[in-house]
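Survey of secondary and tertiary structure
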Amino acid sequence: MHIKDMLLEAEKDGQPSFSFEYFPPKTAQGVQNLYERIDRMYNLGPKFIDITWGAGGRIAELTCEMVLQAQSVYGLETCMHLTCTDMAMEKVNDALQRAYKAGCTNILALRGDPPRAQEKWTATEGGFQYARDLVKHIRATYGDHFDIGVAGYPEGCDDNKDEDQLLDHLKEKVDMGASFIVTQMFYDAENFIRWVGKVRERGIAIPILPGIMPIATYASFMRRAKHMQCKVPEAWMAALEPVKNDDVAVREIGMTLVAEMCRKLLANGIHHLHFYTMNLAQATRMVLEELHWAPCAERPLQHALPWKQSKALGRRDEDVRPIFWRNRNKSYVLRTQDWDEFPNGRWGDSRSPAFGELDAYGIGLTGTNEANRKKWGEPTTVQEIADIFVRYLNQEIDCLPWSEAPLTSEADAIKDRLIALNRRGLLTINSQPAVDGVKSSHPVHGWGPSNGYVYQKAYLELLVPASIFTQMIKRIESKPTLTYYAVTKDGELKTNAPSDGPNAVTWGVFPGKEIVQPTIVESVSFLAWRDEAFRLGTDWAHCFESNTASRILLDQVMNEWYLINVVNNDFHENETIFDLFEGLEVKGLDEPVSTS
């Protein structure tokens, strides 16, 4: 979606509208950590994010890769910065093509800073001299595919403090096809409001997004203000200087000052705020909370679907997903992005030569062996494995091999029952409670358009040994509302499902629309998930040396136990699916595995 359209939509709805900027980190671990932070900050509700351009070499490649990941895996509308610095025409065209293929529809076109070795900015041979030339090229090459943003300078830029000349340049960029303006950071609200008036006097009517830099520490605040040569009001310095050595006090006072500035901008016709996060979350979150913009029970973040929708090219309209990948969104997107028939089929054609292949997608267990041993310990009995699952359910650890993220509040309704199952050695790796028609605005279960109602069937997926599996099946078959799929690592699929077709386990009813059924269970995708689920457990086993008790135990579970999912098709209650396991317990929970 184009940024100008997002802003127009938000303005009409009267909703808070803001965005976040991130930059490519210098290390691989930093990149991974940033992805996780971007994913968490998504829950604050930004309209879009943008990724700065790293001129030349590896960092430029990383910008393109981060845009692809943000769009396709994390489902975030992303704007890619693109500068003229060190960019010949060939490199510019390559970057634009990669953004296009990633499904990106927004570019921030900048001249850029000079390379460190140069004192003054000069154009690269075969490249562009000015940002307006880059805007013109993008518009001529891609038409209206990209919404194009440009920079605005309320306090002048490094090499030019002539306001009238900079406004002339801004008008030229707009005339070449720019459709929104993002300003440099500033703290002088009065000057910004004055500058906006001058911009409008020039006949420039496109949206202006003020650049807001939250205050994390006194030292970083001063360093960035000096680097950007922006004016800091005397009252701000008087408030911050006495507490400069107290980071907590600086953040609290900074939050108040920045939030008050934001309120002043909003009162003077600004409708969207653009936050320079510096890849940090806390200071930005605090400002949003002070503005009462952060989601909470009274203001839940509304999702279009109960899972994150990819913004990749060709799959923005994807509206069905198997529940097995509920806790592994990234894995699902990576696995399905090249399946032959996607998006014509719901999730790909099982006849595709890519279906079921694992290695190419990088979906195995993440983290080093040492880190995973530290995280989950070294279990030598089934009871110790079960204890790890219980710790996850009690939110003492934030992930399991089958769940990339911490447990959510959706599990609260069934959490005690899940803990009881795991304490008896029945290892639950996925679940959802029944939901009987809550409003689509519900802070936990809600999704989809306003004034709708959402439903879901109780669902449970777990690992069980063969000795218990036989008893379970007898019980399931005596309960007409229950359907199941079960399989071992190398065995044949067992099921009582009446057909191979999909069984909707989540759906919504909305005004003026057909019933939406976004989450399903069905056989062919369950077999694909089987491969991945057992692969994850095997990867965990291989965090330990051969012939160690932990390695032998985990391999035993993966090679001999069943992966089973059960759906209660009566969506009015949760009890039947748990009553199924009454009196069932894995034998020999505390027996150590034999290493002889």
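Cut-offs applied
Residues numbered from 1 in each chain as written. Predicted model: local features only at pLDDT ≥ 70, side-chain atom pairs only at ≥ 80, totals over all residues. Heavy atoms only, no water. Helix = DSSP H or I, 4+ residues; strand = E, 2+ residues; numbered from the N terminus. Buried < 20%, exposed > 50% of the residue type's maximum accessible area, 1.4 Å probe, protein only. Contact = heavy atoms within 4.5 Å. Areas by Shrake-Rupley, 256 points an atom, 1.4 Å probe, with all protein chains shown as cover. Lys, Arg positive; Asp, Glu negative; His and termini not counted. Charge placed at Lys NZ, Arg CZ, Asp CG, Glu CD. Pairing = 2+ DSSP bridges. Axes fitted to C-alpha atoms, helices over the stretch in contact; angles between N-to-C directions. Core = buried A, V, L, I, M, F, W, Y, C linked by side-chain atoms within 4.5 Å. Expected span 1.5 Å × (residues − 1). pLDDT = per-residue confidence, 0-100. Parallel < 35°, antiparallel > 145°, perpendicular 65-115°, else oblique. Nonpolar A, V, L, I, M, F, W, Y, C, P; charged D, E, K, R; others polar.

Time to look at the overall build of the chain. Of regular secondary structure, the chain possesses 19 helices and 18 strands. Considered along the principal axes of its C-alpha atoms, the chain spans approximately 80 × 55 × 50 Å. Counting every position in the chain, which comprises 596 residues, the buried fraction comes to 54%. Taking as baseline every contact in the chain between residues at least 6 positions apart, the subset at least 24 positions apart corresponds to 74%. Roughly 26600 Å² of accessible area belongs to the chain as shown, and the carbon and sulfur atoms make up 48% of that amount. Separation between the mean location of the 64 positive side-chain charges and that of the 82 negative ones in the chain comes to 2 Å.

The strands that make up a sheet are held in pairs by hydrogen bonds between backbone atoms, and each pair lies either parallel or antiparallel. If you walk across this open sheet you meet the five strands as 10-13-18-14-15, and the pairing is antiparallel. Edge positions in the open sheet fall to strand 10 (427-432) and strand 15 (494-495), since each of these has one partner strand only. By the bridge criterion, two bridges tie strand 14 (residues 482-487) to strand 15 in an arrangement that is antiparallel. Bridging across to strand 15, alanine 486 finds its partner in lysine 494. Packed on one face of the sheet, helix 17 (residues 523-541) meets strand 10, strand 13 (458-464), strand 14 and strand 18 (562-568) and runs near 45° to strand 14.

Here the focus is the nonpolar core. If you look at soluble globular proteins, the nonpolar side chains tend to sit buried side by side. One finds Phe20, Met80, Leu82, Tyr187, Trp195 and Leu273 to be the most contacted residues of the largest nonpolar core, which totals 97 residues. Looking at this core, the element that brings in the most residues is helix 10 (residues 247-267), giving seven residues. With near-sequence residues (within four places) excluded, phenylalanine 20 lies in contact with Met41, Leu44, Pro46, Phe48, Ile49, Asp50, His274, Phe275, Thr277, Thr284 and Leu288. The next biggest cluster of nonpolar side chains, apart from the first, holds 75 residues, and it includes Leu400, Met472, Ala528 and Cys543.

Along its 12 residues, helix 5 (residues 131-142) runs 16 Å from first to last C-alpha, staying within 8% of the 16 Å computed at 1.5 Å per residue. Packed against the buried residues of helix 5 are strand 3 (78-83), helix 4 (89-101), strand 4 (106-110), strand 5 (147-152) and helix 6 (163-175). Positive phi shows up at glycine 143, right after helix 5, with a value of about 60°.

What follows covers the environment of methionine 87. Along the chain, methionine 87 falls in the loop between strand 3 and helix 4. In this structure methionine 87 comes out as buried when scored by relative accessible area, which is 2%.

On to the sheet that holds strand 4. Reading around the barrel, the eight strands line up as 1-2-3-4-5-6-7-8 and close back on themselves, with parallel pairing between neighbours. Between one strand axis and the next, the sheet turns by 25° as a mean value, whatever way the strands run. Of the pairings in the sheet, the one linking strand 6 (residues 180-185) to strand 7 (residues 208-212) comprises three bridges and is parallel in character. Across the sheet, the residue bridging to valine 182 is leucine 209, located in strand 7.

Attention now moves to the confidence of the model for the chain. Averaged over all residues, the pLDDT of the chain equals 89, while 92% of them reach at least 70. Of the regions scoring below 50 in pLDDT, residues 340-356 engages in 36 contacts with residues more than four places distant in sequence or in other chains.

Okay, the packing of helix 17 against helix 18 (residues 549-560) next. Contact geometry of helix 17 with helix 18 gives a least axis separation of 8 Å together with a crossing angle of 170°. Classified by the interaxial angle, the pair formed by helix 17 and helix 18 is roughly antiparallel. Contacts between helix 17 and helix 18 involve Ala533, Phe534, Gly537, Thr538, Trp540 and Ala541 from the first element and Arg551, Leu554, Asp555 and Met558 from the second. Considered class by class, the residues forming the contact of helix 17 with helix 18 number six nonpolar, two polar and two charged.

Here asparagine 279 lies in the loop between strand 8 (273-276) and helix 11 (282-290). Here asparagine 279 falls in the buried class, since its relative accessible area comes to 10%. The residues touching asparagine 279, leaving out its near neighbours within four places in the chain, are Tyr22, Phe23, Pro25, Leu34 and Arg37.

Okay, the pairing of strand 5 next. It is a general feature of regular strands that their side chains alternate between the two faces of the sheet. Taken across its six residues, strand 5 has six buried, putting it largely inside the fold. Side-chain alternation along strand 5 places Asp147, Gly149 and Ala151 on one buried face and Ile148, Val150 and Gly152 on a second face that is also buried. Judged from the four bridges that link them, strand 5 and strand 6 form a sheet pairing that is parallel. Paired with glycine 149 across the strands is phenylalanine 180, a residue of strand 6.

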